[in-house]
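Letter by letter, the chains look like this.
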Amino acid sequence: MELWLVEQHTPGYRVNWKLKRTIYTEKTPYQELAIVETVDFGRALVLDGIVQVTLDDEFIYHEMITHVPLFTHPNPKDVLVIGGGDGATVREILKHPQTNVDLVEIDERVINASRQYLPEIGKALDDPRVRIVVDDGIKYVKQTDKKYDVILIDSSDPIGPATGLFSREFYQDVYRVLNDDGLMVAQTESPLFNKELLAGVYQNLSEIFPLSRVYLTCIPTYIAGFWTFSLASKKYDPLQLNPSSKDLSDMAFRYYTPAVHQAAFVLPRFVQEVLDGGKSAR
Ligand code: AG3
């Protein structure tokens with residue numbers, strides 16, 4: 001019998017994944033978790049029926065959420081990841097030798113499942129430079145006294161446990177927890193399917209931080225391919241960096257290059273219009 005995973009995104013749009021098999025399923029205190037073997041993209045982590053990571057294309061998302069901010073900051077040392085319990089963002093951060101990572105993930109079961117079934121990404125979580133905190137990221141940034149150079153918000157979609165990670169109040173707390181020259185990046189979904197969300201986040205970040213910019217990449221396994229990241233910074237401008245001055249040869253990149261970094265900020269007109277719409281809506 002054929003096995004299919006059906007992702008229902010809107011009443012009129014769904015994505016069907018043909019699976020070889022289901023490897024593991026669990027109902028955690030926060031969500032339905034599954035590890036599956038897809039026919040086309042290798043093993044995948046699925047949360048509440050939505051594919052979060054496939055081993056075959058995860059490098060695009062994780063290199064872009066990580067290296068754009070880490071090369072924008074001239075000397076990032078303390079990095080905070082909110083979400084990201086699968087470990088792939090941590091794996092990328094650790095390629096920068098001077099970094100230490102705090103990972104705040106709400107659902108310990110994601111961490112355990114990734115360690116066990118997706119070691120390609122999960123094993124980074126066992127590195128001695130990583131401190132894992134199982135807690136709600138919203139609560140963490142409200143309470144911690146620690147300050148960070150870079151904060152990465154590697155969340156799932158704005159439904160379920162991640163909803164508050166897209167709110168203005170949360171970004172205000174992120175601002176407080178950043179050093180005076182710190183910066184943050186959040187994954188901000190599809191510019192086609194999540195226009196209002198993206199416009200709202202951009203609006204909020206522009207009001208809280210002196211500098212905010214959206215960048216774009218293409219992730220085959222996320223809906224409609226186009227995917228956005230929103231960067232907000234107290235000091236450094238991601239367009240002012242000179243990444244060619246860094247030696248990238250032993251970082252094993254498959255997507256990131258200095259030219260890709262610059263190019264990602266060039267936005268198609270419809271994406272710029274989504275951002276401008278958010279501004280004029282107030
Ligand atoms: N975080 C973003 C997943 C978004 C998937 N959404 C969708 N297909 N509608 C992934 C976390 C990986 N570290």
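Residues numbered from 1 in each chain as written. Predicted model: local features only at pLDDT ≥ 70, side-chain atom pairs only at ≥ 80, totals over all residues. Heavy atoms only, no water.

> Quick one: what's the story with the sheet that holds strand E8 (residues 130-134), residue by residue and with numbers?
Overall, mixed pairing links the seven strands, which are arranged E8-E7-E6-E9-E10-E12-E11 in an open sheet. Each having just a single partner strand, E8 and strand E11 (211-218) make up the two edges of the open sheet. Pairwise comparison of adjacent strand axes, ignoring direction, gives a mean angle of 15° for this sheet. The sheet contact formed by strand E10 (residues 178-187) and strand E12 (residues 226-233) spans five bridges and is antiparallel. Pairing of Met184 across the sheet is with Ala232, part of E12. Along the sheet, helix H6 (residues 168-177) contacts strand E6 (78-83), strand E9 (148-154) and E10; its crossing angle with E10, the most-contacted strand, is approximately 145°. Where helix H7 (residues 195-208) meets the sheet, it contacts E10, E11 and E12, and its direction lies at approximately 150° from that of E11. (Pairing = 2+ DSSP bridges. Helix = DSSP H or I, 4+ residues; strand = E, 2+ residues; numbered from the N terminus. Axes fitted to C-alpha atoms, helices over the stretch in contact; angles between N-to-C directions. Contact = heavy atoms within 4.5 Å.)

> Tell me about the layout of surface pockets, and please be specific about residues and values.
In this structure, the largest pocket occupies an estimated 180 Å³ of space. Around the largest pocket, the lining residues are Gln8, His9, Thr10, Asp48, Ile50, Asp157, Pro158, Ile159, Glu189, Phe193, Asn194 and Ile223. Examining the composition of the lining of the largest pocket, we find that three residues originate from one element, strand E1 (residues 3-10), more than from any other. Tallied by class, the residues present in the lining of the largest pocket amount to five nonpolar, four polar and three charged. Domain assignment of the residues forming the lining of the largest pocket places at least three in each of domain 1 (3-54) and domain 2 (58-280). (1 Å grid on protein atoms, 1.4 Å probe; cavity = no way out; pocket = protein on both sides within 12 Å on 5 of 7 lines; lining within 4 Å. Points joined across faces, edges and corners; volume = space filled by probe spheres on them. Nonpolar A, V, L, I, M, F, W, Y, C, P; charged D, E, K, R; others polar. Domains from an automatic or database assignment.)

> I'd like a description of helix H3 (residues 108-117), backed by residues and values.
The α-helix advances 3.6 residues per turn, and as a result positions three or four apart in sequence lie on the same side. Residues of H3 that are buried include every one of Val110, Ile111, Ala113, Ser114 and Tyr117, and no others. In this fold, the buried residues of H3 make contact with strand E2 (13-27), strand E3 (32-38), strand E4 (43-47), strand E7 (100-105), helix H4 (119-122) and E8. (Buried < 20%, exposed > 50% of the residue type's maximum accessible area, 1.4 Å probe, protein only.)

> Lay out the domain arrangement of the protein chain with the relevant residues and their values.
For the protein chain, the domain assignment lists domain 1 (3-54) and domain 2 (58-280). Each of domain 1 and domain 2 was reduced to a C-alpha centroid, and the two centroids are 23 Å apart. Of the residues lining the interface, 24 residues belong to domain 1; the matching set on domain 2 comes to 20 residues. Across the domain 1/domain 2 interface, buried area totals approximately 2,000 Å², and carbon plus sulfur atoms make up 67% of it. Broken down residue by residue, the surface that domain 1 buries against domain 2 is led by Tyr30, Gln52 and Val53, which jointly contribute 24%. (Buried area = accessible area lost by both parts, 1.4 Å probe.)

> Before we move on, could you go through the site of the ligand and cite the residues and values that matter?
Surrounding the ligand, one finds 15 residues, the nearest of these being His62, Asp86, Asp154, Ser155 and Asp157. Contact distances for the ligand include 2.8 Å between a nitrogen atom and a backbone N or O atom of Ser155. Summarising the interface, the protein chains cover 98% of the accessible area of the ligand, which totals 400 Å² for the free molecule. In a pocket analysis with a 2 Å cut-off to the grid points, the ligand is assigned to the largest cavity. (Near = heavy atom within 4 Å. Polar contact = N/O pair within 3.5 Å; in protein donor to acceptor, adjacent residues only side chain to side chain. Areas by Shrake-Rupley, 256 points an atom, 1.4 Å probe, with all protein chains shown as cover. Sits in = over half its atoms within 2 Å of the grid points.)

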